[in-house]
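Now for the letters of each chain:
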Amino acid sequence: MYFKQFYLGCLAHASYLIGSEGEAVVVDPRRDVDEYLQEAEARRLRIRYVVETHLHADFVSGHRELAERAGAQVVFGAKAGAAIPHRAVREGDEIRFGKVVLRFLETPGHTLESVSILVVDTASSPEPKMVLTGDTLFIGDVGRPDLAGGRGTPQSMAGLLYDSLHGKLLKLDDDVLVYPAHGAGSLCGKNISTDTWSTIGEQRRSNYALQPMARDAFITMMTADLPEMPAYFPMDVEINRGGAASLAGRPSPPALAPAAVRAAADAGAVLLDVRPSAAYGNGHLAGSLNVGLRGQFASWAGSLVAAGRPVIVVAEDEEGAREAVVRLTRVGLESVQGHLDGGVAAWDRAGLPLVARPQITVDELRSRRREIPTLQVVDVRRKGEYVDGHVPGAVNVPLDRLERDAGRLDPARPTAVICAGGYRSSAATSVLERGGFADLANVVGGTSAWIAAGYEVEKGGADGCADASPSSSRP
């Protein structure tokens, strides 16, 4: 049996190619599918099936294009209601190719249609060697239960998840390998490990959500403090239900002169600056949104850019612009009208204005807090991160809620924005700039650097109201 995991860091997404005796299956493919086709060709494998563990919400799958180009059949759990020709599988159904058997388990809880896939390599053993768990079981976590799209409450879904975990997956032998659809950073779980595979035994021992507990206790735990669902999730589910259009042969968005970019912005296009925060801070187009390519670009772009709104990409070079377009399609954002030809340098040469955004260290932040009594520090991390430790007095407004909740802040006050390391906070400064905040600074290094410097840390509380006494935290 040939087995390969494809891991896409910017989406924390894992997909799989399994082959045997010239035939293959791809599980949970990403939107751009050339890599699977190239790998299959290199291994002299013909892709016969494209299997989805569920209707993904956090990215757009390439199942339709891959099946069309490979001459394969799409496979979904029977409850998916997929709107394209497909094979619907239920508990115990099998797919056989070469000497491999894929046996399906219905494991609802993250979604109603979720399936897990037992992989049996009959050449070595009649017992399952591994299980592909989709978003039901992660490494260190389990799937969030609030993405059923109105087909179940978080509580009812959490109950189903408990049953799937304890009634099916935890019945497997300890040495069965676990391969999920996502890793650390995915919004489909709360506490996912940086590891991309494990074993049932190790998860039984170390995964907080798999520890012995009553079903009601599990439901309470899994439905507490759920992160807000990104706005693009329902859109991606529906795209995946019907199958996304092919990317093959699609022309790249054109390079646009500065005058054309300015006209597009005046007409309402989003200027999406995909450069690192330092470059953005050094000079950017007024009103542009900074979501750097070097972080979890696709997820944050999907959260911050309204679906269907025209987008102009501002990148360091043409390669960066092309990469941004591909990553945007992975979350269903396909309204890119073009990119700024020659980047910010061309804009500057055209005599058009640029805006600088100060990038300050944690030492400078500490000094500013002493010297500027009116300084407001805005922590844009998620609530759980904030509660674990933050700059004393910082107001917590998570990045994905910032545009909506910016009214809680005073645009007339000097403002320093902080996150874990400087990526989200740079995006936040761009959101606040568009909201009329003028005296803004991004804290490079973020709360991690603040703690490492040994500065005072406040714990507990939420939404800017700490409930614990400040304590000193040192590395």
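Before any of the text, the structure's been laid out above.
These notes cover the structure that comes with them. (Residues numbered from 1 in each chain as written. Predicted model: local features only at pLDDT ≥ 70, side-chain atom pairs only at ≥ 80, totals over all residues. Heavy atoms only, no water.)

1. A word on the sheet that holds strand β8 (residues 100-106)
Thinking step 1. The strand order across the open sheet formed by six strands is β7-β8-β9-β10-β11-β12, and the pairing between neighbours is mixed. The sheet is open, and its two edges are formed by β7 (94-97) and β12 (198-199), each paired on a single side.
Thinking step 2. Pairing of strand β9 (residues 115-121) with strand β10 (residues 130-134), which is carried by three bridges, proceeds in the antiparallel orientation. Directly across from leucine 118, in β10, lies its bridge partner valine 131. (Pairing = 2+ DSSP bridges. Helix = DSSP H or I, 4+ residues; strand = E, 2+ residues; numbered from the N terminus.)

2. Some details on the pattern of salt bridges
Thinking step 1. Applying the stated criterion across every chain yields a total of 33 salt bridges.
Thinking step 2. Here glutamate 21 makes a salt bridge to lysine 99, at a shortest N to O gap of 3.8 Å. Placement of the pair is glutamate 21 in the loop between β2 (13-20) and β3 (23-27) and lysine 99 in the loop between β7 and β8, with a sequence separation of 78 residues.
Thinking step 3. Looking at glutamate 21, the relative accessible area reads 57%, which means it is exposed.
Thinking step 4. Owing to a relative accessible area of 40%, lysine 99 belongs among the partly exposed residues under this scheme.
Thinking step 5. Residues glutamate 323 and arginine 327 are paired through a salt bridge, measuring 2.8 Å at the closest nitrogen-oxygen approach. One end of the pair, glutamate 323, and the other, arginine 327, are both in helix α10 (residues 318-329), four residues apart, so they sit about a helical turn from each other.
Thinking step 6. Residue arginine 327 is classed as buried on the basis of its relative accessible area, which comes to 15%.
Thinking step 7. What you see here is one network of salt bridges that share partners, running through Arg30, Asp32, Glu35 and Arg330. (Salt bridge = Lys/Arg side-chain N within 4 Å of Asp/Glu carboxyl O. Buried < 20%, exposed > 50% of the residue type's maximum accessible area, 1.4 Å probe, protein only.)

3. Things to note about helix α7 (residues 258-266)
Thinking step 1. Inspection of α7 places Pro258, Val261 and Ala264 among the buried residues, and these make up the whole buried set. Each buried residue of α7 sits inside an arc of 120° when the element is viewed along its axis, so together they form one side. Within α7, the exposed residues directed more than 90 degrees away from the buried face are Ala259 and Asp266.
Thinking step 2. Where α7 is buried, its residues touch β13 (255-256), β14 (270-273), β16 (311-314), β17 (336-340) and α11 (343-349).
Thinking step 3. At the exit of α7 stands glycine 268, carrying a positive phi of roughly 110°. (Arc of directions from axis to C-beta. Contact = heavy atoms within 4.5 Å.)

4. Here's the deal with the packing of aromatic side chains
Thinking step 1. Evaluated as defined, the whole model comprises eight aromatic pairs.
Thinking step 2. When the centroid spacing of 6.3 Å and the interplanar angle of 25° are considered together, the rings of tyrosine 179 and tryptophan 197 count as stacked. Here tyrosine 179, found in strand β11 (residues 177-180), pairs with tryptophan 197, found in the loop between β11 and β12; they are 18 residues apart in sequence, far enough to count as distant.
Thinking step 3. The class for tyrosine 179 is buried, based on a relative accessible area of 10%.
Thinking step 4. When its relative accessible area of 44% is taken as the criterion, tryptophan 197 is described as partly exposed.
Thinking step 5. A centroid spacing of 5.1 Å and a plane angle of 85° characterise the contact between tyrosine 232 and phenylalanine 233, whose relative ring orientation is edge-to-face. Exposure class is identical for tyrosine 232 and phenylalanine 233. Each is buried.
Thinking step 6. Ring-pair connections join several aromatic residues into one group, and the members of that group are Phe3, Tyr16, Tyr179 and Trp197. (Phe/Tyr/Trp six-rings, centres within 6.5 Å; stacked < 30°, edge-to-face > 60°.)

5. Considerations on the side chain of serine 114
Thinking step 1. Checked against the element boundaries, serine 114 lands in the loop between β8 and β9.
Thinking step 2. A polar atom in the side chain of serine 114 sits 2.7 Å from the side chain of threonine 111.
Thinking step 3. Each residue touching serine 114, except ones within four places of it in the same chain, is listed here: Thr53, His54, Leu105, Glu106, Thr107, Pro108 and Thr136. (Polar contact = N/O pair within 3.5 Å; in protein donor to acceptor, adjacent residues only side chain to side chain.)

6. Brief notes about the packing of helix α9 (residues 297-304) against α10
Thinking step 1. Packing of α9 against α10 leaves a shortest axis separation of 9 Å and a crossing angle of 65°. Judged by the angle between their axes, α9 and α10 are roughly perpendicular. The chirality of how α9 crosses α10 is right-handed. Between α9 and α10, the residues in contact are Phe297, Ala298 and Ala301 and Ala324, Arg327 and Leu328, respectively.
Thinking step 2. A breakdown of the residues in the contact of α9 with α10 according to their chemical character gives five nonpolar, no polar and one charged. (Axes fitted to C-alpha atoms, helices over the stretch in contact; angles between N-to-C directions. Parallel < 35°, antiparallel > 145°, perpendicular 65-115°, else oblique. Left-handed = near helix turned anticlockwise from the far one by under 90°. Nonpolar A, V, L, I, M, F, W, Y, C, P; charged D, E, K, R; others polar.)

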